[in-house]
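Here are the chains, one letter per residue:
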Amino acid sequence: MSYVFHRNPKHDYPTAVAGEGPYLIDASGKRYLDGSCGAAVSCLGHGDREVTEAIKAQLDRIAFAHSSFFTNEPMEALAEDLIAHAPPGMARVYFVSGGSEAMEAALKLARQYFVEIGEPERRHVIARRQSYHGNTLGALATGGNAWRRKQFEPLLFAATHVSPCYAYRGKWPGETKERYGQRLRAELEAEITRLGPRSVIAFVAETVVGATLGAVPPVPGYFRGIRELCDRHGILLILDEVMCGMGRTGTLYACEQEGIAPDLVAIAKGLGAGYQPIGALLAHAKIVDAIGRGSGFFQHGHTYIGHPVACAAALAVQRALRERNLIAAVRELGSALETRLRARFAEHPHVGDIRGRGLFWGLELVADRATKQPFEPALRLNAKIKQLALEDGLLCYPMGGTIDGARGDHVLVAPPFIVRDAHLDELTEKLARAIDAAIAASAAAPAAEPID
Ligand SMILES: Cc1ncc(COP(=O)(O)O)c(C=O)c1O
């Protein structure tokens, strides 16, 4: 009997009691290889002494001082550290406690920016279908995942959505990646024109799409085209790097590989690596300056902004990334993981696409590779894979609704940056077993009830 309102109250969750490097350990002593860092969170693995010592040391100094009265040392040091390594033009960091809060702050700051500079008529947000920006109402309204939005539609503000950059299903046969990217840019431009150019606040996108599509990187030139379009129309570009940022794709920010910089970028997950709940919004100098010249303050705030313990943890994580050369390790380990995934799944009859960057990879599962026909949603293939992998001692992150919120299945893998080759072997082997067993079980019978 549990009094916790669990995500799925019918499900019997094992109790996590310990963590050692890339493994989590439950109360029965069973070990699980954390092949997805939960949901791309625990990039340093579990039980990192330097981070836990930094947290304890901060607690011995000061645990909390409300940000409407005080600043604090770890918050100042973390902001300086983040700005020193941020995409060009970023000037200030607004701290929050997670990804959804970072996206809410981005939306409000973007709107306030236009009020401050005398363009209050701007009120529209354009995002992409099959995106996820968080579960709070503003972030959910911005996200384009039909399933997550459905029952809350009456509460959501009217963001509009264009196509994601999803080459496996979106690119026409014979079309080059570059032409596909240009077609998507033309679609966005048509949407801006339809809404009225001076009425759009921002275009919002995950640089590499995470949970809803399964580690889908953009095609070459896509974001350069989007950046140019936003500049032409005076629209802010908000990148959501909550999942793909902080080294996950092999650079601190995923947008570095696109050769562009956003106006606002949201980060979370890997920022605190799970040691503390923390997120942040980095804002371009032009936005900070506009607020400074105008009303002088950002009309927003939460109780735990810049929590000293959370900031101390995130600062220790940032230092660990650099001092242990972990982002270079992500690139190296990422190519080792890609090699294994391709060796094991490139010819698999039910793996239609293998995509990703760094230590951020997705496999899209199909009933038929030639037609890209997905499995029947009623089979709940993704939920079965999650459960079977868990039983076998592997955490991975499968999701359904890949294509349109209802149809399609994928599995996301995102191991910690401290894994070794043997862990990548274990991950690939257990993932293959779970996928094959789930497909065999689906051929026999659909899942009777939700198990995710
Ligand atoms: C891209 C992206 N944005 C926002 C969020 C929301 O973050 P949080 O769950 O910390 O509120 C997530 C969480 O998975 C995410 O993947």
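An account of the accompanying structure is given in this report. (Residues numbered from 1 in each chain as written. Predicted model: local features only at pLDDT ≥ 70, side-chain atom pairs only at ≥ 80, totals over all residues. Heavy atoms only, no water.)

What follows covers the environment of S28. Mapped onto the secondary structure, S28 falls in the loop between β2 (23–26) and β3 (31–34). For the pair S28 and A16, spaced 12 residues apart in the sequence, the C-alpha separation amounts to 9.3 Å. A polar contact is formed between the side chain of S28 and the side chain of D26, at a distance of 2.7 Å. (Helix = DSSP H or I, 4+ residues; strand = E, 2+ residues; numbered from the N terminus. Polar contact = N/O pair within 3.5 Å; in protein donor to acceptor, adjacent residues only side chain to side chain.)

What follows concerns the sheet that holds strand β13 (residues 394–395). Across the sheet, 4 strands lie side by side as β1-β2-β3-β13; this open sheet has mixed pairing. In this open sheet, the two edge strands, each paired with only one partner strand, are β1 (16–20) and β13. (Pairing = 2+ DSSP bridges.)

What follows concerns a nonpolar patch on the surface. A contiguous nonpolar patch, built from L137, F152 and L155 and spanning about 280 Å² of accessible area, is present on the exposed surface. When you line up the elements, L155 lands in the loop between α6 (146–149) and β6 (160–162). For L155, a relative accessible area of 58% gives the class exposed. (Patch = residues over 30% accessible without salt bridge, like charges linked within 9 Å, V, L, I, M, F, W, Y side chains within 5 Å. Areas by Shrake-Rupley, 256 points an atom, 1.4 Å probe, with all protein chains shown as cover. Salt bridge = Lys/Arg side-chain N within 4 Å of Asp/Glu carboxyl O. Buried < 20%, exposed > 50% of the residue type's maximum accessible area, 1.4 Å probe, protein only.)

With that settled, consider helix α10 (residues 285–293). All of the buried residues along α10 are I287, A290 and I291. Each buried residue of α10 sits inside an arc of 95° when the element is viewed along its axis, so together they form one side. Of the exposed residues in α10, the ones pointing more than 90 degrees away from its buried face are G292 and R293. (Arc of directions from axis to C-beta.)

Moving on to empty space enclosed by the protein. Rolled over the atoms, a probe sized like a water molecule indicates the empty space that remains. Scanning the entire structure with this criterion turns up 2 cavities of 30 Å³ or more. Counted as a void, the largest cavity has a volume near 40 Å³. Lining the largest cavity are A40, V41, C43, M243, G245, M246, R248, G270 and F417. Considering only residue class, the lining of the largest cavity consists of 6 nonpolar, 2 polar and 1 charged. (1 Å grid on protein atoms, 1.4 Å probe; cavity = no way out; pocket = protein on both sides within 12 Å on 5 of 7 lines; lining within 4 Å. Points joined across faces, edges and corners; volume = space filled by probe spheres on them. Nonpolar A, V, L, I, M, F, W, Y, C, P; charged D, E, K, R; others polar.)

The full count for this structure, using the stated rule, is 4 aromatic pairs. For the pair Y113 and F114, a centre-to-centre distance of 4.9 Å together with 65° between the ring planes defines the contact as edge-to-face. Per residue, the accessibility class of Y113 equals that of F114, and both read buried. The ring of Y23 has R31 lying over it, and the distance from NZ or CZ to the ring centre is 4.8 Å. Between R148 and the ring centre of Y132, over which it is positioned, the NZ or CZ distance is 3.9 Å. (Phe/Tyr/Trp six-rings, centres within 6.5 Å; stacked < 30°, edge-to-face > 60°. Lys NZ or Arg CZ within 6 Å of the ring centre and 35° of its normal.)

With that out of the way, let us pick up the pairing of β2. Here β1 pairs with β2 via 4 bridges, running antiparallel. Each bridged residue has a counterpart across the sheet, and for A16 the counterpart in β2 is D26. The loop that links β1 with its antiparallel partner β2 comprises 2 residues; one of these, G21, has a positive phi angle of about 55°. Pairing analysis gives 3 bridges linking β2 to β3, with the strands arranged antiparallel. Across the sheet, residue I25 finds its bridge partner in β3, namely R31.

Taken together, G98, G99, S100, Y132, H133, G134, E206, D240, V242, M243 and K269 are the residues near the ligand. Within the contact set of the ligand, an oxygen atom lies 2.5 Å away from a side-chain nitrogen or oxygen of S100. Here an oxygen atom of the ligand sits 2.9 Å away from a polar atom, N or O, in the side chain of K269. Here the ligand, which alone exposes 390 Å², has 81% of that area covered by the protein. Its residues assigned to classes, the shell around the ligand comprises 3 nonpolar, 5 polar and 3 charged. (Near = heavy atom within 4 Å.)

Along the polypeptide, Y23 turns up in strand β2. Residues Y23 and N8 lie 15 residues apart in sequence; the distance between their C-alpha atoms is 24 Å. Filtering out sequence-adjacent residues up to four positions away, Y23 remains in contact with A18, R31, Y32, L33, H46, H423 and E426. Of note is the side chain of Y23, whose polar atom sits 2.5 Å from the side chain of E426. (Contact = heavy atoms within 4.5 Å.)

Under the criterion given, the structure shown has 29 salt bridges. One salt bridge in this structure joins D48 and R324, with 2.7 Å as the shortest N-O distance. With D48 in the loop between α1 (37–40) and α2 (49–61) and R324 in the loop between α11 (308–323) and α12 (326–345), this pair connects stretches of sequence that are 276 residues apart. In this structure D48 comes out as buried when scored by relative accessible area, which is 9%. For R355, the salt bridge identified is with E364, shortest N-O distance 2.8 Å. With respect to class, R355 is no different from E364; both count as buried. Where salt bridges share partners, they join E119, E121, R122 and R198 into one cluster.

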